[in-house]
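A look at the structure
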Amino acid sequence: MGVRLGGTDVIQDVTFAVPRATCLAVIGPNGAGKTVLLRALIGALPHTGTVAWAADTVLGYVPQKLDIERDLPLNGHDFLRARAALAGSSGSMQAEALRSVGLAEKVLSTPIGNMSGGQFQRLLIAFALLGRPNVLLLDEPAAGVDAPGQAQLNEVIHGLQETRAMTVLLVSHDLSVVYRYADYVLCLGQHGACFGPPRSALTPETLYEVYGQPVGFHVHQHS
Amino acid sequence: MASRWDFMSISTPELGSLALSALMAVAAGLIGSFAVMRRMVLAADPMSHIALPGIGIALILGVNPFWGALALLLLGAVLIWAVERRMRIATETVIGVTFAVALAVGSIITTGEELIDALLGRPGTLTWREAGFGIVGSLIVIAFVLRRRNALVVRLVSPEIALTSAVDVARLDLQFLLAFALTIGLGLRFLGVLLMGSLIIIPAAIARRFARGLGTMLTLSVAVAVGATAAGTYAASLAGRPSGPFIVMVAGGLFFLSLLRRRET
């Protein structure tokens, strides 16, 4: 597939496949088109080529850090209630979604512009869960979240993939997350794209290709 | 004189027009809440300008100017929607440019007196058709906001999220702009288009300073709009002047009062 915006090919000749219940990490330098790729996949941008989802696919989307005005008079309850009403989902689903993302019910009375980065990202994931998705697309969910919060968010996302057999497409800058959680990795760079399991796709050479400079990275061995 | 505002002695047409202005205020408070949350504050004013060429054209054609104004307001809403979709630039820019042009055209083809009437409202009794339209139009706007508030909330936070929540964003945006234009049109006869823009924006701007949730936001905005309309109409009747400017002065006064309260966040 490819995406052309304002006369420029932002994404060109990208081909990849994601098996059910696996995690694909999308990496690449700023401006490589990671966000554009996700937006094209959810149908918010026109694209060339073909995107084929399984027939029963229900998408959930968690956008990149949203800029919410601090005084916006919408709180977490309003936001989740709106999604629940649109999806016709029950109150018990909301409680379950909150539990899945580890968000306390009392946080919901805070206006969404006043929530911490971690709280709001969890809220967005809970929001997506109310639509009963089986594919979750997340655009740098941990951006703007402190280090412990990032680790928790990554655990939440990984947990969802395991317990709900979800397919996860994740844009991430954090290569350690990619190695640890992703089954496949798609790298978008200035000189084309690479795709494969992290250990074979992410060699120092391909990272150099993708980022256009040497990327120092030490692969931890996780048991 | 005093007996005029004695409730028992209010005649049926007066009661009717009071009810109608209250209904219009409810519509203004509701649509204004979402307009303010969507940062369309500055859009209301220029948007109202497009009514002017409509009035001029209607007068040339010998039609009730009200319908000409309404037709162009709705057309303007469609225009903004189409331009914004194609060019992906902010609504406010498009509205600002389009309606500055409309104001220029309108001032050429409309005479001075009609212009003032359209901008500031014309006192006098309503025809049945005008009253009927006011009621139906207000109810359409109220029903739209209340029924679609969930989709509007999600759209407001992020259009992409709305898309994956099965919301037809393009359609919703068009409906919102039409409802917004309709609300301005509603006020044409009473407040004048310029002042109607203020009745849409000011109560919602006040509510935003206090509300920490959607329910409070909508309730407060409606309460201020209705309260300002009632108080302004009363003050105008005492002074024997058109009600529009009084209503906006009350609303504006409340806004400046609300600035005294510092927001805790």
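Residues numbered from 1 in each chain as written. Chains lettered and ligands numbered in written order. Predicted model: local features only at pLDDT ≥ 70, side-chain atom pairs only at ≥ 80, totals over all residues.

Right, let's talk about the overall build of chain B for a bit. When its secondary structure is counted, chain B shows 13 helices and zero strands. The secondary structure elements of chain B, listed N-terminal to C-terminal, are α-α-α-α-α-α-α-α-α-α-α-α-α. The 265 residues of chain B split such that 49% are buried. (Helix = DSSP H or I, 4+ residues; strand = E, 2+ residues; numbered from the N terminus. Buried ≥ 20, exposed ≤ 12 C-beta atoms within 10 Å, placed from the backbone.)

Further remarks concern the environment of His-49 of chain B. With respect to the helices, strands and loops of the structure, His-49 of chain B is situated in helix H2 (residues 44-49). Setting aside residues no more than four positions away along its own chain, His-49 of chain B makes contact with Phe-99, Ala-102, Leu-103 and Gly-106 of chain B. (Contact = placed C-beta atoms within 7 Å.)

Time to look at the packing of helix H2 (residues 76-87) of chain A against helix H8 (residues 149-157) of chain B. The contact between H2 of chain A and H8 of chain B brings their axes to 8 Å, and the two run at 120°. Taken together, the axes of H2 of chain A and H8 of chain B are oblique relative to one another. Classified by chirality, the crossing of H8 of chain B by H2 of chain A is left-handed. Between H2 of chain A, through Asp-78, Phe-79, Ala-82, Arg-83, Ala-85 and Leu-86 of chain A, and H8 of chain B, the contact on the second element is made entirely by Asn-150, Ala-151, Val-153, Val-154 and Val-157 of chain B. For the contact of H2 of chain A with H8 of chain B, the residue count by class is eight nonpolar, one polar and two charged. (Axes fitted to C-alpha atoms, helices over the stretch in contact; angles between N-to-C directions. Parallel < 35°, antiparallel > 145°, perpendicular 65-115°, else oblique. Left-handed = near helix turned anticlockwise from the far one by under 90°. Nonpolar A, V, L, I, M, F, W, Y, C, P; charged D, E, K, R; others polar.)

Residues and elements named next belong to chain B. With respect to the element layout, Val-248 can be found in helix H13 (residues 243-259). Using a count of 22 C-beta atoms within 10 Å as the deciding quantity, one classes Val-248 as buried. Separated by 51 residues in the primary sequence, Val-248 and Gly-197 place their C-alpha atoms 9.6 Å from one another. Aside from chain neighbours lying at most four places away, what touches Val-248 is Leu-195, Ser-198 and Leu-199.

What follows deals with the confidence of the model for chain A. In the predicted model, chain A carries a mean pLDDT of 84, and 93% of its residues have values of at least 70. Mean pLDDT in chain A bottoms out at helix H8 (residues 204-211) of chain A, which sits at 73, and peaks at strand E5 (residues 135-139) of chain A, which reaches 93. (pLDDT = per-residue confidence, 0-100.)

The next thing to look at is the interface of chain A and chain B. Listed as interface residues are 25 residues of chain A and, on the opposing side, 23 residues of chain B. Listing elements by their share of the side of chain A that touches chain B, those giving two or more residues are strand E4 (59-62) and H2 of chain A. Top element by residues in the side of chain A that touches chain B is H2 of chain A. It accounts for seven residues. Class assignment of the residues belonging to the side of chain A that touches chain B gives a composition of 14 nonpolar, six polar and five charged.

Moving on, we get to the pairing of E4 of chain A. Residues and elements named next belong to chain A. Where burial is concerned, the two faces of E4 agree: the one with Leu-59 and Tyr-61 and the one with Gly-60 and Val-62 are both buried. Here E4 runs beside E5; their pairing, made up of four bridges, is parallel. In the sheet register, Val-62 faces E5, and the bridge partner there is Leu-138. (Pairing = 2+ DSSP bridges.)

Within helix H1 (residues 34-41) of chain A, six of the eight residues are buried, which leaves it mostly tucked inside the rest of the structure. Where H1 of chain A is concerned, the buried positions are Lys-34, Leu-37, Leu-38, Arg-39, Ala-40 and Leu-41 of chain A.

The next subject is the packing of helix H11 (residues 193-210) of chain B against H13 of chain B. All names here are of chain B. Following both chains from N to C, one finds H11 and H13 inclined at 20°, their axes separated by 9 Å at the closest point. Judged by the inter-axis angle, H11 sits roughly parallel to H13. Crossing hand, H11 versus H13: left-handed. Together, Leu-195, Ser-198, Leu-199, Ile-202, Pro-203, Ala-205, Ile-206 and Arg-209 of H11 and Gly-244, Pro-245, Ile-247, Val-248, Ala-251, Gly-252, Leu-254, Phe-255 and Ser-258 of H13 make up the contact between the two elements. Split by residue class, the contact of H11 with H13 holds twelve nonpolar, four polar and one charged.

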